[in-house]
Amino acid sequence: MNERAVAPGGLALIEALVNTLDVETGRDALDTPEGRAAHGLAEDEVAAARELREALRAACLAHAGHRPAGGPPPTALDGLLASAPLLVTVADDGTAALRPAAAPGSLTSRVAEAIAAAVADGTWARLKACEAEDCRWAYYDRSPSGRRRWCSMSVCGARAKMRTYRARRTTAG
């Protein structure tokens, strides 16, 4: 759905995870072996990954100023990330980095690491979810003002503007 480049850095992981569910069709890539493999998931980890995905979607919607009805609140991510401890490591040259406490990192730990890095570099709030209720696709807002509303202006934005136009014509005529 999104014609733009993927999100930078670790946000690409989060964007890809949120976009494993096609809200319009109900297709869930986590139902397939390929979809699970793309995120390093075993079949018994799918339920937790779905919970994490929807908490991330809620946070992305909040970044765009939207509140979905019936979904988890953005704060649901707090509890999920609490189970993903990170360590600060310092290299010989003095640079510091975060890494999951356990190796290899679980999906939740990798997400926590990506969020921490994105918060540090100021990009976390630019990962958003589409305003269209039949889409909710995650996208990285590269607009100068940081105020994009849809994943794709040519699809979701055009549909929304057409609905608004038709509603005006119906009430005016």
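K.L.:
For this particular structure, what's the right way to read helix α1 (residues 11-18)?
P.N.:
A large share of α1 lies buried, amounting to 6 of its 8 residues. If you check which residues of α1 are buried, you get L11, L13, I14, E15, L17 and V18.

K.L.:
For this particular structure, what's the right way to read the pattern of salt bridges?
P.N.:
Proximity of charged atoms lets side chains of opposite charge pair with each other. One pass over the structure, following the stated rule, counts 7 salt bridges. Here R27 ties to D22 by a salt bridge, and the two come within 3.8 Å at their closest N and O atoms. Overall, the relative accessible area of 57% leaves R27 in the exposed class. You can call D22 partly exposed: its relative accessible area is 23%. Salt-bridge contacts for R53 lead to D28; the nearest nitrogen and oxygen are separated by 2.9 Å. One end of the pair, R53, is in helix α3 (residues 46-63); the other, D28, is in the loop between α1 and α2 (33-37), with 25 residues separating them in the sequence. By the burial criterion, R53 is buried, and D28 matches it.

K.L.:
Looking at this structure, I do not really get the side chain of R36. What am I missing?
P.N.:
Structurally, the position occupied by R36 is in helix α2. Discounting residues that sit within four places of it in the chain, R36 has contacts with A29, L30, D31, L41, A42, E43 and V46.

K.L.:
Would you explain the side chain of N19 in this entry?
P.N.:
Residue position: N19 is located in the loop between α1 and α2. Since its relative accessible area comes to 15%, N19 is described here as buried. If we ignore the near neighbours within four places in the chain, the residues touching N19 are W137 and A138.

K.L.:
Looking at this structure, how should I read helix α5 (residues 107-121)?
P.N.:
Under the 1.5 Å per step criterion, the end-to-end length of α5 is 21 Å for 15 residues, consistent within 8% with the ideal 21 Å. Residues of α5 that are buried: L107, T108, S109, V111, A112, A114, I115 and A118. On its buried face, α5 is in contact with α1, α3, α4 (76-81), β1 (86-90) and β2 (96-100). Looking one or two places after α5, you find G122, whose phi comes out positive at around 80°.

Cut-offs used in this document
- Residues numbered from 1 in each chain as written.
- Predicted model: local features only at pLDDT ≥ 70, side-chain atom pairs only at ≥ 80, totals over all residues.
- Heavy atoms only, no water.
- Buried < 20%, exposed > 50% of the residue type's maximum accessible area, 1.4 Å probe, protein only.
- Helix = DSSP H or I, 4+ residues; strand = E, 2+ residues; numbered from the N terminus.
- Salt bridge = Lys/Arg side-chain N within 4 Å of Asp/Glu carboxyl O.
- Contact = heavy atoms within 4.5 Å.
- Expected span 1.5 Å × (residues − 1).

No statement about biological role is implied by the geometric values presented.
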